[in-house]
Structure formats: structure tokens, C-alpha cells
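Structural characterization, general
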Amino acid sequence: MSGKKKRMRLPQADDHLDLVPLIDCVFLILLFFMLVGRLSTDQRTEQITVPPTKTAVKFDAEKAHWRREVINIFGATQKTDNGDSSPPRNTIRIGTKSFSQTGINDYTGYQQIRAILDKIYDQADKYPDTKVAGLMLPKVIIELRADSDTEYRVVQEVQQMLTDTMDLTTMQPKKNFDVKTLKAFVNLDFTTRKTTDRL
Amino acid sequence: MSGNDGDMDEGRLDLVPMIDCIMLLLLFFMMTTKFTAEEKAISSLLPTDKGQGAASAQKKDPPPTVNICIYPEGMTKGYQPSEYAKQMDTVPRLRGAFANAQLRIGGREPMFITGKDLNSKGGKPMEDEVEMIHSYIFDELAKFEKPGESRDKQNDIVINCFSGLSWKFALIAYDAVRSYEAKAGNIKWTGNPDELATARAVSFAPPRIRDYTPNELGNELYEIIHTK
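Attention in this report is confined to the structure presented alongside it. (Residues numbered from 1 in each chain as written. Chains lettered and ligands numbered in written order. Predicted model: local features only at pLDDT ≥ 70, side-chain atom pairs only at ≥ 80, totals over all residues. Heavy atoms only, no water.)

Digging into the sheet that holds strand 7 (residues 156-161) of chain B
Residue and element names in this part refer to chain B. Note the following rule: For two strands to pair, DSSP has to find at least two bridges joining them. Strands are runs of DSSP state E lasting at least two residues, helices are runs of H or I lasting at least four, and both sets are numbered from the N terminus onward. To get an axis, fit a line to the C-alpha atoms, keeping to the stretch in contact for a helix; angles then go from 0 to 180 degrees between the N-to-C directions. In this description, contact between two residues means that some pair of their heavy atoms is separated by no more than 4.5 Å.
Pairing in this open sheet of 5 strands is mixed, and the strands run 6-5-2-7-8 from one edge to the other. Looking at which strands have only one partner, the edges of the open sheet turn out to be strand 6 (111-114) and strand 8 (202-204). Averaged over all pairs of adjacent strands, the angle between their axes in this sheet comes to 20 degrees, without regard to strand direction. Looking at chain direction, strand 5 (residues 100-105) and strand 6 are connected through 4 bridges and run antiparallel. When the sheet's bridge partners are listed, Asn100 is paired in strand 6 with Thr114. On top of the sheet, helix 7 (residues 214-226) reaches strand 2 (65-72), strand 5 and strand 7; it is set at about 130 degrees to strand 2, its chief contact.

Okay, structure coming up:
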């Protein structure tokens, strides 16, 4: 009888909750996130299907002290069957800002990206170039994260824009410039995936 | 006896809360987990002393280069720029981009690249396609090898890709060249940009045109198809 009464009584204030299972679970969750969680930066969250390669390597941890900037270039891989995609093909995004070219000779997007790159250059540590005397290069790795179906010309133009040797009003090579004034970025990482990776 | 039973009841572990938690966890991961492959990278070093718009004065006689030419499928030598411009309209497309491409080194016979396989989610078709491209580039680059010279003294490699083609075609050629260099120079790429300073120069050709009209694209195709 006394046993029955004990089981049926309502919980009292002095009944202590058994926390052991909860602690077990919390530790399991903690362990799980410690093992599989990845720190992601806002710059690399865009859904882009990057092209496959065989020689791809993980991002270099030794260069972690270098600043890394990601330039996303959108292609057509994300297009739906209806043909629409967002953002439009060949849109270039750096940080949270997107730039789309509106015509075949419209280079205003490149000019605006260059203005952002100039600021990044000014803030970065520099080292002298070994090939061109007087040229100072920033300790920044630019990651070109281009979609498989981005037009090659866009990736190429971005590379040229990075070297700061183009006049971005006409997209013709600069003439009569002083190399000391160039704000060139030369260390690139092309984002890719291993051929053995499954999407 | 009854006192002992009571002790056993209290000592039994109540599994209900843990099961609750595990069910919640299961639900959470079922709803939120997305399996994607981790992205990786291939390093590249942009030349500051070569190419269009180089930071230093350009040499009058540029050193000989090995040209890798990539252009849309079905196009052959022997036509005029205006004819290439017309042929572009007949080339099959996939989601707005040229579906397939041809790749050629020097004056050799071109190889055909199926673009769809490079877009696939992985698996054997992609691996086979990539293997085929690597094999072709390995064979052809071996013919341009300068015996006894260090890797940075070998002829520069320039990838000339038609501006309207997809980036994946140019990148896979770059990948194959880097793979060839790793084998020829016994290099193990780690992704550190410093290792490219003493490696063979591999670059992407500057755009030949700035005005993407059909006529200009025809001119560009003519140049790439006839580049040796």
C-alpha cells in the first residue's frame, strides 16, 4: 500500500530532477559539434557549384595569418528548369555587395569592386615583389569562387582587375603608370572541389 | 523487504528524458543536415612582369610559350572570322552556356570535352572525363619538355580559352597542367602561394577583345582556333 501511494503522489518541491540523462545528451551534442562543425564565414555561404579538379587541396592553414577575401562569381549552374536564377549570371559579389554588368561595355561594376579592393590593399601588410622593383604586394589571398558555368571572360577580367594594370573606364591596359602606385593582388585561390567528392 | 524495493525504485535510471532529447536531436539533424563536399582550392600566382598590362615594361621578343587552346565543339580551322561568328549560333548550349568544348595543345589534334560530365554531382563519368583531359595534356606537354631544365625554365604555358566558354573548361586545363608539373618536378602542392614562385609559369591569356559583339567574338574564335 505504502508503495502505491508513493508512485501516485504529485511531484513535490523537494523532489529533485535527475539531470544525468540531460547532461549525457548535452555532452553528446557538444562532442558532435566539436567534431563535425565547421566555422563558416559569411563570404562563402553562397550556393555556388564550383568546378571539379584533381589537384585541389584544402585551404592552406599555414597562411591563416594572411587575409583572405572571397570574390563570388555566379554562373548558370544554379538555374532552375524554368531558366531563372538569382542572382543573374556573371554577377560578382565581394563581401555583401553584388555587382552586375548591364551591357557589353559597362565596367562600372569593376570600378566599384576596385574601390573596395583599394581599401583592402591599404589596410593589408605588404611585401616587395621579387620580379618588379618598387611593386609592393599585399599579404592577401583573393579566393575566386566562380561557378562552373561562369563565362571565362568574367573570371579573366576579374584577374586583370586584380593586377590593377587596367584602365577600368575602357578596360584597356594602363599606360605610363608608376609601378609604385599599383595596388596589385597576385595571390589567388581558385575555389574547386575534388573529382572524388560527391555533391 | 519492502524498504529494499523502495531503494531499488529510486536507484533506477529514468530514461524518458534522454529518449526525449535523442528524439529531438534526431529530428533536428534530419531537418537541417545538408551533405555538401568541402570546398578546396588551387593556388595561382598572377604574373606581374608578363602579359597584357604587365607592371613592368614588356619585352619585345616574348619567350616561346606552349599554348593550350580551348574553343567550342565542332569548330575547325580554315574559316573566316565572320563564318565563325555564324557557326556560334549552331553550337549546342546547356542553360545558356556552350555545352561542350575542344581542347588543343600546339598544332596537335584537339580532344573533345563533354561539359555535362564536369557539372555532374561526381561519380564515374566525371572522374573518367577528368582523367581523359589529364591524360591528353600529360602526353602533349611531355613532347614540349626541355630535358635537364628546371621547372621554372621550361616554356611558359598559356591557357587561351574562348571568352564565351564556361570557366570549368579553363580550370580543368589549369588543373591538368599543375598535375603534370607535380609529376615532372616531383612537387607536392600544398596550397601555399610561395611554392608557385619557383614553379613553371602558367597563366590565363588576357582577353583578346573588349567588345563582345558577334563580329568580335568571331575574330577571337579565329585567333584561338589558329593559335599554335
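Description of the packing of helix 3 (residues 108-123) of chain A against helix 4 (residues 152-163) of chain A
Residues and elements named next belong to chain A. What counts, and what does not: Should an angle lie under 35 degrees it is considered roughly parallel, over 145 roughly antiparallel, and from 65 to 115 roughly perpendicular; all remaining angles are considered oblique. Here is the rule for handedness: rotate from the far helix to the near one, and if that takes an anticlockwise turn smaller than a right angle the crossing is left-handed, while a clockwise turn gives right-handed. Residues are grouped as follows: Ala, Val, Leu, Ile, Met, Phe, Trp, Tyr, Cys and Pro are nonpolar; Asp, Glu, Lys and Arg are charged; every other residue, Gly included, is polar.
One can describe the packing of helix 3 onto helix 4 by two numbers: an axis separation of 10 Å at closest approach and a directional angle of 45 degrees. One way to sum up the angle between helix 3 and helix 4 is to call them oblique. Here helix 3 runs over helix 4; the crossing is right-handed. Only Val154, Glu157, Val158, Met161 and Leu162 of helix 4 make contact with helix 3, whose side of the interface consists of Tyr110, Ile113, Arg114 and Leu117. Its residues assigned to classes, the contact of helix 3 with helix 4 comprises 7 nonpolar, no polar and 2 charged.

Remarks on the pattern of salt bridges
The condition is simple: Salt bridge, as applied in this entry: a Lys or Arg side-chain nitrogen positioned within 4 Å of an Asp or Glu carboxyl oxygen. Residue burial is assigned from relative accessible area. The probe radius is 1.4 Å, only protein chains are included, and a residue is buried under 20% of its type maximum, exposed over 50%, and partly exposed in between.
Under the defined criterion, the tally for this structure stands at 19 salt bridges over all chains. Put simply, A:Glu143 and A:Arg68 hold a salt bridge, and the shortest N to O gap is 3.2 Å. One end of the pair, A:Glu143, is in strand 7 (residues 140-146); the other, A:Arg68, is in strand 2 (residues 67-73), with 75 residues separating them in the sequence. Residue classification places A:Arg68 among the partly exposed positions, given a relative accessible area of 24%. We note a salt bridge from B:Glu140 to B:Arg108, for which the minimum N-O separation is 2.8 Å. Here B:Glu140 is found in helix 5 (residues 124-143), whereas its partner B:Arg108 is found in the loop between strand 5 and strand 6, with 32 residues between them in sequence. For B:Glu140, a relative accessible area of 8% translates into the label buried. Counted as one network, the salt bridges with shared partners bring together A:Arg114, A:Asp118, A:Asp164 and A:Lys174.

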